[in-house]
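Below are the chains, spelled out letter by letter.
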Amino acid sequence: MKAASVIDYRELARARLPRFLFEYIDGGSYAEVTLRRNIADLEQVALRQRVLRDVSTIDLSTRLFGQELAMPVALAPIGLAGMNARRGERQAVRAAEKASIPFTLSTVSACALAEVAEAAAKPFWFQLYMIRDRGFMKDLLAEAAALGCPTLMFTVDMPVPGSRYRDYRSGLAGAPGLRGAVRRTLQAMMRPRWAWDVGIHGRPHALGNVAPVLGPNTGLEDFFAWMRNNFEPNVGWHDIEWIRSQWSGSIVIKGILDADDAHLAAEAGADGIVVSNHGGRQLDGTLSSARALPPIADRLGGRMTILADGGIRSGLDVVRMLALGADGVLLGRAWAYALAAGGEKAITHMLDLVRAEMNVAMALTGTIRIADIDRSIVHDLGTPDLGAA
Ligand code: GLV
């Protein structure tokens, strides 16, 4: 199948990846209510079609955190995504560069900061969790800064990891030691292309940034144990000050879903937020990002940059999120699926599709610049706006 959409890339990824990896990126927490809402609520946002306007020159470029971007899109941080293709984050950073958009490296990536930097020609963004070992955090921040990362995405919606049933069913979680390894190996054997590309030639299979504290023999089975044991559950707003003392670049707080928290993020001096429920992977039953976003944008009133993620499966969805109040979006699963399906080339193609879809959505809403996209092009939010402002 030749992919014509992000949804097609999802199917290609399903066919290419061992089950434990597909379920990891595709799944959400508990009953996956939020995961479904993210997609469904965004889909229901009806845009106002406008015609007979001059849309001969549509400009998707924008500026986020002082950086010129070809479109208001960045690749989201995704744990383990580098396992979806050989040294995957190296491929993703190159695709992002080619598209002139930022790539965000996850703390729990397969490739370490230095390895990604070696593949990249330009600086990329870095994502960090609050980790118990402050010395380790300090070192990671210093390394990211030394490599020129201009923007830090500080993820705050994972003081404890949510339970993802699919990971237990697939054997990625809850199956330590030999039993889990055997299950994953059997799944990998059913996907010979992946087994050859990544299983054999894509080593080491470790969490590159975390390996120094976990020791050299870290495998995937240590992933969840490390997250459970090392994430800092008593993180508070004062910790933003500590981060600020360690980081002179932009700070973006990822995982805001409430207008009060958005206000507190602005008070704490963040440069931006990501309106996010972690792709429906943490607290199940939250508002979708699409519904959480408008009251947050209203409350902030332009005080800081707003990014949003969750449920974006097309360029049309990007335009919808911008119309609801975002200055830019993060694409998460979209790039992980494409990476699995065809590496760097497929991510480039997926981003081409998103760009083309944005062009059409803008042409038919009569918007020719990103700054033209606002609530005035939204006809109907689709669902009653229950967001507490
Ligand atoms: C990590 O951020 C995850 O969602 O698994």
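Calculation notes
Residues numbered from 1 in each chain as written. Predicted model: local features only at pLDDT ≥ 70, side-chain atom pairs only at ≥ 80, totals over all residues. Heavy atoms only, no water. Axes fitted to C-alpha atoms, helices over the stretch in contact; angles between N-to-C directions. Helix = DSSP H or I, 4+ residues; strand = E, 2+ residues; numbered from the N terminus. Parallel < 35°, antiparallel > 145°, perpendicular 65-115°, else oblique. Left-handed = near helix turned anticlockwise from the far one by under 90°. Contact = heavy atoms within 4.5 Å. UniProt positions renumbered as here; feature names shortened; annotations may be inferred. 1 Å grid on protein atoms, 1.4 Å probe; cavity = no way out; pocket = protein on both sides within 12 Å on 5 of 7 lines; lining within 4 Å. Polar contact = N/O pair within 3.5 Å; in protein donor to acceptor, adjacent residues only side chain to side chain. Buried < 20%, exposed > 50% of the residue type's maximum accessible area, 1.4 Å probe, protein only. Core = buried A, V, L, I, M, F, W, Y, C linked by side-chain atoms within 4.5 Å. Points joined across faces, edges and corners; volume = space filled by probe spheres on them. Nonpolar A, V, L, I, M, F, W, Y, C, P; charged D, E, K, R; others polar. Near = heavy atom within 4 Å. Salt bridge = Lys/Arg side-chain N within 4 Å of Asp/Glu carboxyl O.

Topic: the packing of helix 13 (residues 259-267) against helix 14 (residues 289-300)
Part 1: One can describe the packing of helix 13 onto helix 14 by two numbers: an axis separation of 9 Å at closest approach and a directional angle of 40°. Judged on the interaxial angle alone, helix 14 and helix 13 are oblique. In terms of crossing hand, the pair formed by helix 13 and helix 14 is right-handed. Seen from helix 13, the contacting residues are Ala-259, Asp-260, Ala-262, His-263 and Ala-266; seen from helix 14, they are Pro-295, Ile-296, Arg-299 and Leu-300.

Points about the UniProt feature "binding site: glyoxylate" (unreviewed entry) in the chain
Part 1: Residues annotated in UniProt with the feature "binding site: glyoxylate" (unreviewed entry) correspond here to Tyr-24, Tyr-129, Arg-164, His-278 and Arg-281. Within the annotated group, the residues that form the lining of the largest cavity are Tyr-24, Tyr-129, Arg-164, His-278 and Arg-281.
Part 2: Tracing the backbone shows His-278 in the loop between strand 9 (272-275) and helix 14.
Part 3: Look past the residues within four positions of His-278 in its chain and what remains in contact with it is Tyr-129, Thr-155, Asp-157, Met-158, Arg-164 and Lys-254.
Part 4: Side chain to side chain, His-278 and Asp-157 meet in a polar contact 2.7 Å long.
Part 5: Checked against the element boundaries, Arg-281 lands in the loop between strand 9 and helix 14.
Part 6: Judged by its relative accessible area of 10%, Arg-281 is buried.
Part 7: If we ignore the near neighbours within four places in the chain, the residues touching Arg-281 are Tyr-24, Ile-25, Gly-27, Gly-28, Ser-29, Gly-162, Arg-164 and Arg-333.

Some thoughts on the nonpolar core
Part 1: Residues Phe-103, Phe-124, Ile-273, Trp-335, Ile-347, Met-350 and Leu-351 are the most contacted members of the largest nonpolar core, which totals 117 residues.
Part 2: With 17 residues, helix 16 (residues 333-363) is the single largest residue contributor to this core.
Part 3: If we skip the residues at most four places from it in the chain, Leu-351 touches Met-71, Val-73, Leu-75, Ala-95, Ala-99, Ile-101 and Leu-331.
Part 4: Counting residues in hydrophobic clusters, the runner-up holds 11 residues, among them Phe-65, Ala-74, Ala-76 and Met-153.

What to know about empty space enclosed by the protein
The gaps left among the atoms become clear once a water-sized probe is rolled over them.
Part 1: Applying the stated rule across the entire model yields 3 cavities of 30 Å³ or more.
Part 2: Here the largest cavity is characterised by a volume of approximately 390 Å³.
Part 3: If you trace the largest cavity, you find 29 residues lining it, with Pro-77, Ile-78, His-278, Arg-281 and Gly-332 closest to the centre.
Part 4: A breakdown of the residues in the lining of the largest cavity according to their chemical character gives 14 nonpolar, 9 polar and 6 charged.
Part 5: Estimates place the volume of the second largest cavity at around 60 Å³.
Part 6: Lining the second largest cavity, in full, are Tyr-129, Met-130, Phe-154, Thr-155, Val-156, Met-158, Pro-159, Phe-231, Glu-232 and Val-235.
Part 7: Its residues placed into classes, the lining of the second largest cavity shows 8 nonpolar, 1 polar and 1 charged.

Let's talk about the site of the ligand
Part 1: Taken together, Tyr-24, Tyr-129, Met-158, Arg-164, His-278 and Arg-281 make up all the residues around the ligand.
Part 2: Between the ligand and Arg-164 there is a distance of 2.7 Å, counted from an oxygen atom to a side-chain nitrogen or oxygen.
Part 3: Between an oxygen atom of the ligand and a side-chain N or O atom of His-278, the distance comes to 2.8 Å.
Part 4: Considering only residue class, the shell around the ligand consists of 3 nonpolar, 1 polar and 2 charged.

A closer look at the pattern of salt bridges
Part 1: For the structure on display, the rule yields 21 salt bridges.
Part 2: Between Asp-197 and Arg-86 there is a salt bridge, and its shortest N-O distance comes to 3.1 Å. In this pair, Asp-197 sits in helix 9 (residues 192-200) while Arg-86 sits in the loop between strand 4 (73-75) and helix 4 (88-98), placing the two residues 111 residues apart along the sequence.
Part 3: Judged by its relative accessible area of 24%, Asp-197 falls in the partly exposed class.
Part 4: Residue Glu-115 pairs with Arg-87 through a salt bridge whose shortest N-O separation is 2.8 Å. Within this pair, whereas Glu-115 is found in helix 5 (residues 113-119), its partner Arg-87 is found in the loop between strand 4 and helix 4, the two being separated by 28 residues in sequence.
Part 5: Overlapping salt bridges, with partners in common, bring together Arg-10, Arg-19, Glu-23, Asp-26, Glu-32 and Arg-166 in one network.

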